[in-house]
Amino acid sequence: MFSPFLVMVVILHSVVSIRAAPAVTSPAPVPIVSNAASIAAGLKAQPSVSDRLKKLLTDSEGNLLTGDALRQLTVLKGGSSLLATPCGLSVPHMHPRANEFLTVVEGILDTGFVQENGFPDEVRTRLGKYQGTVFPMGMHYQQNPTCSPAMFVGAANSEDPGCSDMARSLWMLPPDVVDAGLGFPHTIGGHNINAWRAHLPGSLTAGVDSCLKACGLAK
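Computed from a predicted structure; not experimentally measured. (Residues numbered from 1 in each chain as written. Predicted model: local features only at pLDDT ≥ 70, side-chain atom pairs only at ≥ 80, totals over all residues. Heavy atoms only, no water.)

J.: Teacher, can you tell me more about the overall build of the chain here?
T.: Of the regular secondary structure elements, the chain holds eight helices and ten strands. Across the 219 residues in the chain, those meeting the buried criterion constitute 21%. Surface accessibility of the chain: about 14900 Å² in total, with carbon and sulfur atoms responsible for 63%. (Helix = DSSP H or I, 4+ residues; strand = E, 2+ residues; numbered from the N terminus. Buried < 20%, exposed > 50% of the residue type's maximum accessible area, 1.4 Å probe, protein only. Areas by Shrake-Rupley, 256 points an atom, 1.4 Å probe, with all protein chains shown as cover.)

Printed below as a string of structure tokens:
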């Protein structure tokens, strides 16, 4: 014979198994903070991290904020979420006021960075889904080496990281300066730097030739 306890366990398991999963809806959009500058100024005047959190997340009576008032101060809206198209390239660039932490949330990315004079080699890595890496302040890039889209999220340790595309920054200089800096090359020189400047890509470009050809994509 079955014991009453065992029968009760089986019945309870059946009830739990057939119970419908709770309906979960996506949270509403985060309200926009309209007075971010004044909030930041007030936080800078606080003597400690604890005091800053208290000022930011509690009301005038010291009670923790709730609802939208709390969500707009705690739900991330900053950073950048970018889609890398098949073979897409985030051209070599730097953030002059920040380090960056980048996480891949879909697909694959090849990444690399270089440092100041005296560090002679590129630091290169490949990232898969939910893998991340740090780009120290300096020149770096990301490229999708596949024929499928990739998505990544970048976060910087500055509220104003800035971004400078290295090729565009170089070509802003006078043609004779660029010519000398490149060692007076024959194919790129003072006589045709303006023509090269006109064809520089934007921050996100189609990609490199080998990947484009492998995927049957146009430049």
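J.: Looking at this model, I keep getting lost on the packing of helix α2 (residues 36-44) against helix α3 (residues 49-57). Mind explaining?
T.: If you want to describe how two helices pack, look at the angle between their axes and the distance between the axes. Contact geometry for α2 and α3: axes closest at 9 Å, N-to-C directions at 145°. Once α2 is placed against α3, the crossing between them reads as right-handed. Residue-level inspection shows I39, G42 and L43 of α2 in contact with α3, the latter providing R52, K55 and L56. Split by residue class, the contact of α2 with α3 holds three nonpolar, one polar and two charged. (Axes fitted to C-alpha atoms, helices over the stretch in contact; angles between N-to-C directions. Left-handed = near helix turned anticlockwise from the far one by under 90°. Contact = heavy atoms within 4.5 Å. Nonpolar A, V, L, I, M, F, W, Y, C, P; charged D, E, K, R; others polar.)

J.: Please explain the pattern of salt bridges as it appears in this structure.
T.: Two side chains carrying opposite charge are able to pair once their charged atoms lie near each other. A full pass over the atoms with the stated rule returns four salt bridges. For R97, the salt bridge goes to D160, with nearest N and O atoms at 3.5 Å. Remark: D160 occurs in the loop between β8 (150-156) and β9 (164-165) and R97 occurs in the loop between β2 (89-94) and β3 (100-106); sequence separation between them is 63 residues. Judged by its relative accessible area of 44%, R97 falls in the partly exposed class. Across the salt bridge formed by K129 and E106, the nearest N and O atoms sit 3.5 Å from each other. One end of the pair, K129, is in the loop between β5 (123-127) and β6 (132-135); the other, E106, is in strand β3, with 23 residues separating them in the sequence. Its relative accessible area of 41% is what places E106 among the partly exposed residues. (Salt bridge = Lys/Arg side-chain N within 4 Å of Asp/Glu carboxyl O.)

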